[in-house]
Amino acid sequence: MRSLSVHITTSPFGLTWHDAGDCSTWIAKDLAFRSYCHDPVHGTRWHYQQQPAKSYLYCLGERTGRLNLAGRRFRLERTDPMGYDSEHQDPLYKFSPFYLGLSLSNASTCARAYGMYYHQLGQTTLDLGQERDAVITLPKKKKKKR
């Protein structure tokens, strides 16, 4: 069994999980500048993580569609839809706020697996890479010739 180490960055706050024997290769990593957010008015919380270029995400309980959940968004709540699309429909009644990640990240030559459990049984949304980070590049204005 291998051990993990966690690097804590205080400004901006975030966690990075490493294989204890190889601190240059991260297994899971919070997104810089907005890893943990909270809306005190509505009580909503967000946790953002950076996904490696090649990642495979599994579990969340009863799910439809392909086994690898990467690139999809899920609502976790106890409800069954009436007649659902077996490829894309969500939510389904039996869920678990736990997922397994298989990370083929950085310069590592081998895969790293990890599990993430959110101690939350209320209505939850997990976005596993459907939304891209909000980076907008505006075109440069052309200078007028005189």
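Everything numeric here is computed off the predicted structure, so don't read it as measured data.

**Student:** Sorry if this is basic, but what is going on with the nonpolar core here?
**Tutor:** Among soluble globular proteins, nonpolar side chains are generally buried collectively. Ranked by size, the top nonpolar core spans 16 residues in total, and within it L57, L60, F74, Y99, Y114 and L128 carry the most contacts. When residues of this core are traced back to their parent elements, those giving at least two are β2 (13-19), β3 (22-30), β7 (55-61), β8 (73-76), β9 (95-103) and β10 (112-117). Built from parts of two domains, this core gets at least three residues from each of domain 1 (1-50) and domain 2 (53-130). Each residue touching L57, except ones within four places of it in the same chain, is listed here: Q51, L67, N68, L69, A70, Y99, L100, G101, Y114 and L128.

**Student:** What is the right way to read a nonpolar patch on the surface from this model?
**Tutor:** Taken together, the side chains of V6, I8, F13 and Y36 make up a nonpolar region of the molecular surface, amounting to roughly 380 Å² of accessible area. Position of V6 among the secondary structure elements: in strand β1 (residues 4-10).

**Student:** What am I meant to see in the packing of aromatic side chains here?
**Tutor:** Between two aromatic rings, the relevant description is the distance of the centres plus the angle of the planes. Evaluated as defined, the whole model comprises 2 aromatic pairs. Aromatic pair F13 and Y36: ring centres 5.7 Å apart, planes at 55°, arrangement tilted. Of the two residues, F13 is situated in strand β2 and Y36 in strand β4 (residues 36-39); the sequence distance between them amounts to 23 residues. Residue classification places F13 among the partly exposed residues on the basis of a relative accessible area of 43%. Note that R34 overlies the ring of Y48, its terminal NZ or CZ placed 4.4 Å from the centroid.

About the thresholds
Residues numbered from 1 in each chain as written. Predicted model: local features only at pLDDT ≥ 70, side-chain atom pairs only at ≥ 80, totals over all residues. Heavy atoms only, no water. Core = buried A, V, L, I, M, F, W, Y, C linked by side-chain atoms within 4.5 Å. Buried < 20%, exposed > 50% of the residue type's maximum accessible area, 1.4 Å probe, protein only. Helix = DSSP H or I, 4+ residues; strand = E, 2+ residues; numbered from the N terminus. Domains from an automatic or database assignment. Contact = heavy atoms within 4.5 Å. Patch = residues over 30% accessible without salt bridge, like charges linked within 9 Å, V, L, I, M, F, W, Y side chains within 5 Å. Areas by Shrake-Rupley, 256 points an atom, 1.4 Å probe, with all protein chains shown as cover. Salt bridge = Lys/Arg side-chain N within 4 Å of Asp/Glu carboxyl O. Phe/Tyr/Trp six-rings, centres within 6.5 Å; stacked < 30°, edge-to-face > 60°. Lys NZ or Arg CZ within 6 Å of the ring centre and 35° of its normal.

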